[in-house]
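Topology and contacts: notes
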Amino acid sequence: MIRYICDCCKRELDPNTEIRYVVKIEVAAALDPQDCQPEDADRDYLDEIQQYLEHLQHIDNPELSEDVYREFRFDLCSHCYKRFVRNPLGRESAKAMQFSKN
């Protein structure tokens, strides 16, 4: 039997009696198009991309790939799911921490 645990509150989830929510987060570097110059009109961009990808395959640096793309997956109980969808980026909890001016 597969055991599920809420990744937020660490409570064990019973798949027979409660709903388990799966949250998948995908983070990718945004590569915005650059302004094209008239002399760039005849460049072979696909070939340049292919050469760049081949170059990246020979680099054995896990940090490089983490800077470009990351994927996360979390199991949540119904309580943690409701908290997550109300504030998915955690902004409210950061605002709640206010320190006195000493």
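First, a word on scope: everything that follows refers to the structure included in this document. (Residues numbered from 1 in each chain as written. Predicted model: local features only at pLDDT ≥ 70, side-chain atom pairs only at ≥ 80, totals over all residues. Heavy atoms only, no water.)

**With respect to the overall build of the protein chain**
- Across its full length, the protein chain carries four helices and four strands.
- Ordering the α and β elements of the protein chain from the N terminus gives β-β-β-α-α-β-α-α.
- Within the span of the protein chain, comprising 102 residues, buried residues form 8% of the whole.
- Residue pairs at least 24 apart in sequence account for 76% of intrachain contacts in the protein chain once pairs closer than 6 positions are excluded.
- On the protein chain, roughly 9,600 Å² of surface is accessible, and the fraction owed to carbon and sulfur atoms is 53%. (Helix = DSSP H or I, 4+ residues; strand = E, 2+ residues; numbered from the N terminus. Buried < 20%, exposed > 50% of the residue type's maximum accessible area, 1.4 Å probe, protein only. Contact = heavy atoms within 4.5 Å. Areas by Shrake-Rupley, 256 points an atom, 1.4 Å probe, with all protein chains shown as cover.)

**So, the layout of surface pockets**
- One number sums up the size of the second largest pocket: a volume of about 220 Å³.
- As for the second largest pocket, its lining consists of Asp7, Cys8, Val23, Ile25, Phe74, Leu76, Cys80, Arg83, Phe84, Arg86 and Asn87.
- For the lining of the second largest pocket, the elements supplying multiple residues, two or more each, are β3 (21-28), β4 (69-76) and α3 (78-86).
- At four residues, the largest contribution of residues to the lining of the second largest pocket is made by α3. (1 Å grid on protein atoms, 1.4 Å probe; cavity = no way out; pocket = protein on both sides within 12 Å on 5 of 7 lines; lining within 4 Å. Points joined across faces, edges and corners; volume = space filled by probe spheres on them.)

**A look at the pattern of salt bridges**
- Summed over the entire model, instances satisfying the criterion amount to four salt bridges.
- The closest approach of N and O atoms between Arg11 and Glu18, which form a salt bridge, is 3.0 Å.
- A salt bridge links Arg20 to Asp75; its shortest N-O distance comes to 2.9 Å. Of the two residues, Arg20 sits in the loop between β2 (12-13) and β3 while Asp75 sits in strand β4, which places them 55 residues apart along the sequence. (Salt bridge = Lys/Arg side-chain N within 4 Å of Asp/Glu carboxyl O.)

**Overview of the nonpolar core**
- Among the nonpolar cores identified, the biggest contains six residues, and these are Cys6, Leu13, Val23, Leu76, Cys77 and Cys80.
- Sequence-distant contacts of Leu13, that is, excluding residues within four places in its chain, are made with Tyr4, Ile5, Cys6, Glu18, Arg20, Leu76 and Cys77. (Core = buried A, V, L, I, M, F, W, Y, C linked by side-chain atoms within 4.5 Å.)

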